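Coordinate analysis (summary)
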Amino acid sequence: MKLFDVYPINDINIVKASDSYVWDDKGTKYLDMYGGHAVISIGHTHPHWVQKIEDQLEKIAFYSNSIKIPLQQELADQLGAVSGKNDYQLFLCNSGAEANENALKLASFYNGRKKIIAFTKSFHGRTSLAVAVTDNPSIVAPVNETDNAVFLPFNDEESLKDYFKKNGKEVCAVIVEGIQGVGGIQVASKSFLQLIRELCDEYGSVFIADSVQCGYGRTGKFYSHDHAGVNADIYTMAKGMGNGFPIGAISISPKIAPKHFMLGTTFGGNHLACAAAIAVLEVIQKEELMKNAKKMGAYIMNGIEEIIGSKSIGLKNLRGKGLMIGFDVEGELSDLRKNLLQKHKIFTGAAKPNVIRLLPSLALTQSDADLFLKALKEEVRSVLSKNEDVSASANA
């Protein structure tokens, strides 16, 4: 049997990882500035995380949600405390797509409506409802198509107000990323998120904060939506929640009441997943990783701004918060991501059409950041040097 070929992959076999570094099967060391799609939150193979999983594995790895699992309440207590949402309710699942799927379903249960507002360049997952509110027709199969999903321009307050004015009583929910990841590190403005809260309150709609990639402390606050000073009705999360162990969740406002069987999962909230997630929260608190994300994010962005300011060509539109950073590359720097990987042994991410995404561990150190900035400067200098040589030859 061969693998179903859906991933364009690099010809690299990673066999070992520690902190912000990975090694391939040839012993080559790489700086990981991408964290496997923002998954690595506390650093690869953090010793506390490894120990917590190993200890749990020796006791029990799995049983279904037909019995009490005290680790679930322990995780809920810690998540409530760290996120500042102690009065919210926790439903555990396995992935970001599943989290968004359940959030949308729960919203519809809550108000009995069907219409979902999403936004241009959004990405919420690949399952049925999640992909229906994702702005990428190429991954939406005919069976996923629905008239219940409406896409409005991201950060366009007037179009949002206009839609609610005309159709507000039909709107089940608004789902929005605080910072779009796959969409190219597009930051939702504070006023835009505040308006969503205001309109959802006025019309009885549910505010779903997709925090799968932009949450879990990555921006310096636990949820990126917190920068706007508003509370969502449902927060969805995954990626950094388990530091590589599959787990997802939704954090649900106390105004939404549960009833038996309205949501469900076989593997969600199993003993091993909860142990991994508890370890992540313990490390985030003990090592003050949200503070570090804010500090290191500012350090990297200042470093990139200096490079842009030094007559850099083809490097533009720096944006982001904390350790969720993006910038555009054009012209002679269009091969930057490939060169960073092949020449400098640094993993970064990308978004169409020409965006570099940085999503490293929240435990990234200044020396790690300096390695990246040094490589970036070298690539820019290389382009400038070539241009100077061409100019000199033309004038000779």
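These remarks concern the structure in this document. (Residues numbered from 1 in each chain as written. Predicted model: local features only at pLDDT ≥ 70, side-chain atom pairs only at ≥ 80, totals over all residues. Heavy atoms only, no water.)

Some thoughts on the nonpolar core
- Counting 87 residues, the largest nonpolar core has Phe119, Leu160, Ile196, Ile300, Ile304, Phe327 and Phe372 as the members making the most contacts within it.
- If you tally residues by element for this core, the top one is helix α8 (residues 271-286), at eleven residues.
- Ranked by size, the runner-up nonpolar core spans 22 residues in total, among them Leu104, Ala149, Cys172 and Met262. (Core = buried A, V, L, I, M, F, W, Y, C linked by side-chain atoms within 4.5 Å. Buried < 20%, exposed > 50% of the residue type's maximum accessible area, 1.4 Å probe, protein only. Helix = DSSP H or I, 4+ residues; strand = E, 2+ residues; numbered from the N terminus.)

Details of empty space enclosed by the protein
- Per the counting criterion, the structure on display carries one cavity of 30 Å³ or more.
- What the largest cavity holds in volume is close to 50 Å³.
- In the lining of the largest cavity, the residues fall into four nonpolar, four polar and one charged. (1 Å grid on protein atoms, 1.4 Å probe; cavity = no way out; pocket = protein on both sides within 12 Å on 5 of 7 lines; lining within 4 Å. Points joined across faces, edges and corners; volume = space filled by probe spheres on them. Nonpolar A, V, L, I, M, F, W, Y, C, P; charged D, E, K, R; others polar.)

Examining the sheet that holds strand β11 (residues 234-237)
- If you trace the seven strands from one edge of the open sheet to the other, you get β4-β12-β11-β10-β7-β5-β6, paired in mixed fashion. In this open sheet, the two edge strands, each paired with only one partner strand, are β4 (89-93) and β6 (149-152). Strand after strand, the sheet turns through a mean of 20° between neighbouring axes, direction not considered.
- Pairing geometry for β11 and strand β12 (residues 248-252), over four bridges, is antiparallel. Pairing of Ile234 across the sheet is with Ile252, part of β12. (Pairing = 2+ DSSP bridges. Axes fitted to C-alpha atoms, helices over the stretch in contact; angles between N-to-C directions.)

What about the environment of Asp233?
- Looking at the element boundaries, Asp233 is found in the loop between β10 (206-210) and β11.
- Sequence spacing of Asp233 and Ser205 is 28 residues, and the spatial spacing of their C-alpha atoms is 9.3 Å.
- Setting aside its immediate chain neighbours within four residues, Asp233 contacts Tyr88, Arg197, Ser205, Val206, Phe207, Ser251, Ile252, Ser253, Lys255 and Ile256.
- Polar side-chain contacts of Asp233 include one of 2.8 Å to the backbone nitrogen of Phe207.
- Within the structure, the side chain of Asp233 is placed 3.1 Å from the side chain of Lys255, a separation counted as a polar contact. (Contact = heavy atoms within 4.5 Å. Polar contact = N/O pair within 3.5 Å; in protein donor to acceptor, adjacent residues only side chain to side chain.)

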